[in-house]
Amino acid sequence: MSLAVDFGVTLTQHVLSRQSRFPEARGQFSALLTQIGVAGKLIAAQVRRAGLIEIWGATGETNVQGETVQKLDRIANDTFIDVLRRSGCVAAMASEEEHEVIEVPPETAGGYVVAFDPLDGSSNIDANVSIGTIFAIYQRRSEDEVLRSDVLRPGREQVGAGYIIYGPSTVLVYTDGQTVDLFTLDPSCGEFFLTRENIKMPARSKLLSLNESNEPYWPAWTRPYVDHVKSRNDAEKRRVSSRHIGSLVADFHRNLLMGGIFLYPADARTNVGKLRVLYECNPLAFIAEVAGGAASFGQGRILDIEPKGLHDRTGLFIGPAADVAEIEEFIRRYSA
Ligand code: FDP
């Protein structure tokens, strides 16, 4: 009789089992996801110790977007870059924290390109609120030197995407374009185990996530849409509750599991929106679509945006497909 405890399937076992479905696969995608898991564990360890070793707070610098850089932003960025650079799987990276494309020397370059936000929701760090790393994976296009077109491409070309949330537990969610699967870190043995398979987004929203204090800057359709959602009443049994953390990745994760719509419209302050196409919107949009949901910039799919710059921004509406379609309808009606 075996006395081994069955902890279940690890992240590496799961990605390797997927790889066996593709006879031509060389194992590099599986290795890359395993390495992303390693980076996630290293970042999670730092996040957990942050208060103890005084790495809360700002570095005193601002990043390429003019935002305050938190010490943990810098640590997460450097950790992710270091692990992926040594992985042998990656030719180039784009990070929220870096001006330019990060190239990997040809001797150690691999077949993938990764765009990432090392620590999303960083204005929440000092309050011990959930934050996370978001990543998008593309197959390298160029053969010799890395080109900007390896990185500046529409999200529909992603071959994988995911995020790691550092919350009450550390979870890693990823899609390979077939299913969305969730792994939870067991801190006692330092391993991610599969805890939810083939996640599907609930068909209609029960939750509404947006920053309502931006109302003075909203485009004309937003207030009527929000009123319309709030007017779903008890008689319809579809009352909606407000849930907004202010960490996109954590808001998205909760909405994915529980059914919610997240909105961040392009508003009068910039006319282009706040959230970044390459490493925030694209990976979450890919996950949303594979889970049966949708993501729009108002006039079309997030995944069809052709980015011009590494740090391009957009409006984002992401959640159940019916709710995203309803927002697009409001936008059409108010711009006619
Ligand atoms: P943060 O500025 O704290 O890093 O894009 C980053 C982001 O957080 C998202 O995670 C979050 O949803 C959004 O910005 C919050 O912006 P507002 O404060 O303007 O609502």
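Just so it is clear, the structure is predicted and the values come from calculations on it, not from any experiment. (Residues numbered from 1 in each chain as written. Predicted model: local features only at pLDDT ≥ 70, side-chain atom pairs only at ≥ 80, totals over all residues. Heavy atoms only, no water.)

Asker: It is not clear to me how the sheet that holds strand β6 (residues 131–139) should be interpreted in this structure. Could you clarify?
Answerer: By way of backbone hydrogen bonds, the strands of a sheet pair with one another, either parallel or antiparallel. Read from one edge to the other, the open sheet built from eight strands follows the order β4-β3-β5-β6-β7-β8-β9-β10, with strand pairing classed as mixed. Each edge of the open sheet carries a strand with a single partner, namely β4 (102–103) and β10 (191–196). Pairing analysis gives seven bridges linking β6 to strand β7 (residues 160–166), with the strands arranged antiparallel. Counterpart to Phe 135 in the pairing with β7 is Gly 162. Of the strands in this sheet, β3 (90–95), β5 (112–120), β6, β7, β8 (170–175), β9 (180–186) and β10 are in contact with helix α2 (residues 28–49), which crosses β6 at around 165°. (Pairing = 2+ DSSP bridges. Helix = DSSP H or I, 4+ residues; strand = E, 2+ residues; numbered from the N terminus. Contact = heavy atoms within 4.5 Å. Axes fitted to C-alpha atoms, helices over the stretch in contact; angles between N-to-C directions.)

Asker: Where do I start with the packing of aromatic side chains in this structure?
Answerer: Note on aromatic pairs: each is described by the distance of the centres and the angle between the planes. Counted under the stated rule, the structure contains eight aromatic pairs. On the basis of an interplanar angle of 15° and a centroid distance of 5.9 Å, the ring pair of Tyr 174 and Phe 183 is categorised as stacked. Look at Trp 221 and Phe 317: their rings are 5.3 Å apart centre to centre, the planes differ by 80°, and that puts the pair in the edge-to-face class. Note that Trp 221 is positioned in the loop between β11 (207–209) and α5 (222–230) and Phe 317 in strand β17 (residues 316–320), a separation of 96 residues in sequence. Through a chain of ring-to-ring contacts, the aromatic side chains of Trp 221, Tyr 225, Phe 317, Phe 330 and Tyr 334 assemble into a single cluster. (Phe/Tyr/Trp six-rings, centres within 6.5 Å; stacked < 30°, edge-to-face > 60°.)

All quantities given are derived from atomic positions and should not be read as evidence of function.
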